[in-house]
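The primary structure of each chain is shown beneath.
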Amino acid sequence: MSHFELYDDENTLLMIPGPVFLHPKVQRILSRPIFGHRTNHFRGILAECEEMLKGVFGTNGTVFMLTGSGTSAMDAAVRTFISPKEKVVSFIGGKFGERFADIAQSAGANVIRVNVEWGKAIKPDLVKKVLEEHPDAKAVTITHNETSTGVLHPLPEIAKVVKKYDAYLIVDGITSVGGDYVKMDEWGVDVMVSGSQKCLGIPPGLGFVAISTELESVLEKMEKKNSYYLDLKTYYKYWKKKGDLPFTGSVTLFYALYESLKMIFAEGLEARIQRHRKMARAMRKGFTDLGFELFAEKGYESNTLTAVKYLPGMSDNEFRTRMQKHGVLIAGGQAHLAGKIFRVAHMNMTGEREVLTVLAVAELVMHEMGVKPKGSGVKGAISEILRE
Ligand SMILES: Cc1ncc(COP(=O)(O)O)c(C=O)c1O
């Protein structure tokens, strides 16, 4: 007799901050016959993807599409626009802010690390103070939506401050692009990166680097190479000449991207962001009504994932194992937050059904663990969903 599990690895609701569960239309595309990457047909797919991505990033510049995860896009942004020994100010409020600083350091930059307590927002006043001390900074790196803490840093206000200095603003938008407001040109962001397996709704494997039109001129004049595979000047050259990628792209993932982006614009960007925001409010209300506290500083909570503090004595391993047994996969805390918080993502296709399921299953698991819920998470979430 073979073993049977109802909620096995093919039948689990993915509520982790990437990879996310896919719409069946996107899932089906993955079995589409492969085609040549140096063909007019494929160039057409790429061109349409880039056009739609410009809309999602809010830029009239260029969006480079890389075959690699989100980190490859971070690496490409840093290695292309920063030379060894140049000063980079990295604002760090979590694991991914730290990663940007590590990448800059690995590229030979003189990295000034500015840490804020994990869970707190990076405030524009702090950015101003630090840039006054380092007016010679070539670039500032920052995470828009810090996935390790569930904090949405106030990027429009931060960008306004950075604009007054002669530094490039390089932003990690890996868990905001496609799920929350991103307006590169309006806000004055020079470079923004993202990845495929979060709010853009396809499997892991593509990275994106969007640059403003001002940075296009910088690229055009640029001579140096600080990387081979991740050099955006090479990407730019191929893109402008023929609408090609310099290296073989993941053809299948580009088909999936094309399908997902068409769905994003069929829903409408504004409607999609409002849905993400509403689901985030419902998730937050649900967990707080169950008796939990949120990890993120009030007023700066992410709209694509919620980080929740465990109640005293609750085992992370037991909670998440039981959630998974009931068919819902969520994430734990990273680094020093392991065991202290859990994280639930609400990206891409997340709607009422998923939010209510997560909260109902969490309530069931609390009962199983002998933890008394303060109130009904489902009821709280419904009140939030019904609110106009
Ligand atoms: C904010 C942020 N930056 C960077 C990354 C790294 O992306 P990847 O794992 O696709 O390389 C992640 C992944 O979770 C992320 O959430």
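The rules behind each value
Within each chain, residues carry numbers counting from 1 in the order of the written sequence. For this predicted model, a pLDDT threshold of at least 70 governs which residues receive local features, and a threshold of 80 or more governs which side-chain atom pairs are given and counted, while totals over whole chains, interfaces and linings are taken from all residues. Where each domain starts and ends follows an automatic or database-derived domain assignment. Throughout, a pair of residues is in contact if the C-beta atoms placed from their backbones lie within 7 Å. A helix here means a DSSP run of H or I that spans at least four residues, while a strand means a run of E at least two residues long, and both kinds are numbered starting from the N terminus. Nonpolar residues are Ala, Val, Leu, Ile, Met, Phe, Trp, Tyr, Cys and Pro. Charged residues are Asp, Glu, Lys and Arg, and all others, Gly as well, are polar. Here a nonpolar core is just a set of buried residues of the types Ala, Val, Leu, Ile, Met, Phe, Trp, Tyr and Cys, joined wherever their C-beta atoms sit within 7 Å. Counting other C-beta atoms within 10 Å of a residue's own tells you its class, since 20 or more makes it buried, 12 or fewer makes it exposed, and anything in between is partly exposed; those C-beta atoms are placed from the backbone. Pairing between strands requires that DSSP locate at least two bridges from one strand to the other. The axes are straight lines fitted to the C-alpha atoms, using for helices just the contacting stretch, and the angles between their N-to-C directions are given from 0 to 180°. By the definition adopted for this analysis, an angle is roughly parallel if under 35 degrees, roughly antiparallel if over 145, roughly perpendicular if from 65 to 115, and oblique otherwise. Note: crossing handedness is left-handed where the near helix turns anticlockwise from the far helix by less than a right angle, and right-handed where it turns clockwise.

A. Structural detail: the domain arrangement of the protein. Split into domains, the protein comes out as domain 1 (13-19 + 269-386) and domain 2 (34-265). Of note, the centres of domain 1 and domain 2, computed from C-alpha atoms alone, are 28 Å apart. Listed per partner, the contact involves 25 residues of domain 1 and 28 residues of domain 2. Elements supplying a minimum of two residues to the side of domain 1 that touches domain 2: helix 11 (269-290) and strand 12 (305-309). Of the residues that constitute the side of domain 1 that touches domain 2, the class distribution is 13 nonpolar, 8 polar and 4 charged.

B. Expanded view of the nonpolar core. Ranked by size, the top nonpolar core spans 119 residues in total, and within it Ala-77, Ala-104, Ile-170, Val-191, Phe-208 and Val-209 carry the most contacts. Two domains each put at least three residues into this core: domain 1 (13-19 + 269-386) and domain 2 (34-265). With sequence-adjacent residues up to four places away left out, Val-191 is seen in contact with Ala-77, Phe-81, Tyr-168, Ile-170, Val-171, Val-209, Ile-211 and Leu-215.

C. Layout of the pairing of strand 15 (residues 341-345). Of all 5 residues in strand 15, 5 are buried; the element is thus mostly enclosed. Here strand 15 shows a buried face lined by Ile-341, Arg-343 and Ala-345 and a second buried face lined by Phe-342 and Val-344. Here strand 12 pairs with strand 15 via 5 bridges, running antiparallel. The partner of Lys-309 across the bridge, within strand 15, is Ile-341. Relative to strand 15, strand 14 (residues 331-332) runs antiparallel, the two being bridged by 2 bridges. Residue pairing across strands places Ala-331 opposite Arg-343, the latter belonging to strand 15.

D. Structural view of the sheet that holds strand 15. Pairing is antiparallel in the open sheet, where 4 strands are placed in the order 11-12-15-14. In this open sheet, the two strands that pair with only one neighbour each are strand 11 (293-294) and strand 14. Against the sheet, helix 11 contacts strand 11, strand 12 and strand 15, and its axis sits at roughly 10° relative to strand 12.

E. A look at the packing of helix 11 against helix 13 (residues 352-368). Interaxial distance between helix 11 and helix 13 falls to 10 Å at its minimum, and their mutual angle equals 15°. Comparing their axes, helix 13 and helix 11 come out roughly parallel. For the pair helix 11 and helix 13, the sense of crossing is right-handed. In contact with Met-279, Ala-282, Met-283, Gly-286 and Leu-290 of helix 11, helix 13 contributes Val-355, Leu-359, Ala-362, Glu-363 and Met-366. The residue makeup of the contact of helix 11 with helix 13, split by class, is 8 nonpolar, 1 polar and 1 charged.

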